[in-house]
Amino acid sequence: MDDRLAGLLRYFSVSARVFHSGPLCGRIEYAAEGGYLHVLRTGQVTVRSPMHAPLTVSGPAVVFYPRAAAHVFITRDNEAVDLVCARIDLGSAGGNPLALALPPVICIGLDGLPRLGSTIDMLLLEALEPHCGHQAAIDRLSELLLIQLLRHLLDERLADTGLLAGLGDPRLAHALAAMHDAPARTWTLEALAREAGMSRARFARHFHDVVGETPLRYLAQWRVTVACTLLRKGKPVALVANEVGYGGPTALARAFRSVHGLSPREWIQRERRGETASDV
């Protein structure tokens, strides 16, 4: 199968910053400041959040919030638990469709993650026995763990509809990976159907049933999402239009308006105002 993550990770990088490793006890509150990755080595916690029903988690386990979510860990009978906690960013604020498609919280016992065992062992070793280069090592290992978690979620096909289901579908994954890898290519419904190894009509129907929208509508949204990423980096509108498959600024503006209701320049101005407001 094609690399289902390569195109997404090209435009939306994975980052992690470990801010705690070791024992915790009592009630621990986490603010909605980006996503979180928690590796519970030992002990038991009750996890509460407005985003989901209460969870009881026993270590060893991973608790993964792919998007910003306030939550609380409460240890049992005030017993200490061993935790590694990292703030993570999958690009959900920038529109990464995979990050937006994931459920609000994912909790998996480490027995269910045999392929991740060596990474988790290295992370816990580095986190609990710090040496020189400690922070850089545990951050990079957390990022690797995130990518491996994403692989696991795609392989397990945890969703019935949406992008996560599409990337878990052996046929649709080829077409989605092709769009993600090469948004500038002149894609047609026929060309995408060939990537999936399906007839045009069957592909269009199956894509809509699984992903929830037409292939060309998904492509247009992906192109605009990539354009937003490039515009945030300061690339000129004309250059961005070419890089995402539009003939020029006018065509890109039409696509932008269909998704955001704004032209690219109006969107840039709004983004700058938002940055200024957040910086004040």
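Per chain, the residues get numbers from 1 upward, laid out in the order the sequence is written. At least 70 in pLDDT is required for a residue's local features to be given in this predicted model, at least 80 for side-chain atom pairs to be given and counted, and no such filter applies to totals for whole chains, interfaces and linings, which use all residues. The side-chain numbers reported here are obtained from all heavy atoms of the structure, hydrogens and water having been left aside.

1. Some thoughts on the pairing of strand β9 (residues 106–109)
Rules: Partly exposed residues are those whose accessible area sits between 20% and 50% of the maximum for their type, while under 20% is buried and over 50% is exposed, using a 1.4 Å probe and protein chains only. By definition, any uninterrupted DSSP run of H or I lasting at least four residues is a helix, any uninterrupted run of E lasting at least two residues is a strand, and each is numbered from the N terminus. Strands are labelled as partners when DSSP assigns at least two bridges between them.
Judged by which residues are buried, β9 turns out to be one-sided: I106 and I108 face inward and are buried, whereas C107 and G109, on the alternate face, are not. Here strand β6 (residues 61–65) pairs with β9 via four bridges, running antiparallel. Paired with A61 across the two strands is G109, which belongs to β9.

2. Section: the sheet that holds strand β3 (residues 35–42)
Which entries qualify depends on this criterion: Helix axes are fitted only over the stretch in contact, all axes being lines through C-alpha atoms; the angle between N-to-C directions runs from 0 to 180 degrees. Residues count as neighbours in contact if any of their non-hydrogen atoms are within 4.5 Å of one another.
Reading across from one edge, β1-β8-β3-β6-β9 is the order of the five strands in this open sheet, with antiparallel pairing throughout. Two strands close off the open sheet at either side, each with one partner strand: β1 (15–24) and β9. In this sheet, adjacent strand axes meet at a mean angle of 15° when their direction is disregarded. Bridge analysis of β1 against strand β8 (residues 81–89) gives nine bridges, and the strand direction is antiparallel. The residue of β8 that forms the bridge with V18 is A86. Across the sheet, helix α3 (residues 117–128) is in contact with β1, β3, β6 and β8; its angle to β3 comes to roughly 85°. The sheet contacts of helix α4 (residues 134–156) involve β1, β3, β6, β8 and β9, and relative to β1 the element is tilted by about 105°.

3. Remarks on the packing of helix α6 (residues 172–181) against helix α9 (residues 215–232)
Where we set the bar: For this classification, under 35 degrees means roughly parallel, over 145 means roughly antiparallel, 65 to 115 means roughly perpendicular, and everything else is oblique. Left-handed is the label given to a crossing in which the near helix is rotated counterclockwise from the far helix by less than a right angle, and right-handed is the label when the rotation is clockwise. We call Asp, Glu, Lys and Arg charged. Ala, Val, Leu, Ile, Met, Phe, Trp, Tyr, Cys and Pro are nonpolar, and the rest, Gly among them, are polar.
With their axes 10 Å apart at the nearest point, α6 and α9 run at an angle of 30° to one another. Accordingly, the angle class assigned to the pair α6 and α9 is roughly parallel. Regarding α6 and α9, the two cross each other, and that crossing is right-handed. Within the contact between the two elements, α6 uses L176, M179 and H180 and α9 uses P215, Y218, L219 and W222. Within the contact of α6 with α9, the residues separate by chemical class into six nonpolar, one polar and no charged.

4. Here we look at a positive patch on the surface
Spelled out, the test is: Here, patches come from residues exposed beyond 30% relative accessible area and free of salt bridges, joined within 9 Å for like charges and within 5 Å for nonpolar side chains (Val, Leu, Ile, Met, Phe, Trp, Tyr). Per-residue and other accessible areas follow the Shrake-Rupley method at a 1.4 Å probe size, with only the shown protein chains counted as cover for residues. The working definition used for a salt bridge is a side-chain nitrogen of Lys or Arg within 4 Å of a carboxyl oxygen of Asp or Glu. Charge counting treats Lys and Arg as positive and Asp and Glu as negative, with His and both chain ends excluded. Working definition for charges: the position is that of NZ of Lys, CZ of Arg, CG of Asp or CD of Glu.
Taken together, the side chains of R157, R171, R202 and R205 define a basic patch exposed on the protein surface. Tracing the sequence through the fold places R171 in the loop between α5 (163–168) and α6.

5. With respect to the packing of aromatic side chains
The condition that has to hold: The rule is short: rings of Phe, Tyr and Trp, with Trp giving its six-membered ring, pair when the centres are within 6.5 Å, and they are stacked under 30 degrees, edge-to-face over 60, tilted in between. Working rule: Lys NZ or Arg CZ, within 6 Å of ring centre, within 35 degrees of ring normal, means a charge sits over the ring.
Under the defined criterion, the tally for this structure stands at nine aromatic pairs. Seen from their ring centres, F19 and Y36 are 6.1 Å apart, and the 75° between their planes marks the pair as edge-to-face. Here F19, found in strand β1, pairs with Y36, found in strand β3; they are 17 residues apart in sequence, far enough to count as distant. Lying across the ring of F19, R87 places its NZ or CZ 4.5 Å from the centre. The ring centre of Y246 lies 5.5 Å from the NZ or CZ of R223, which sits over that ring.

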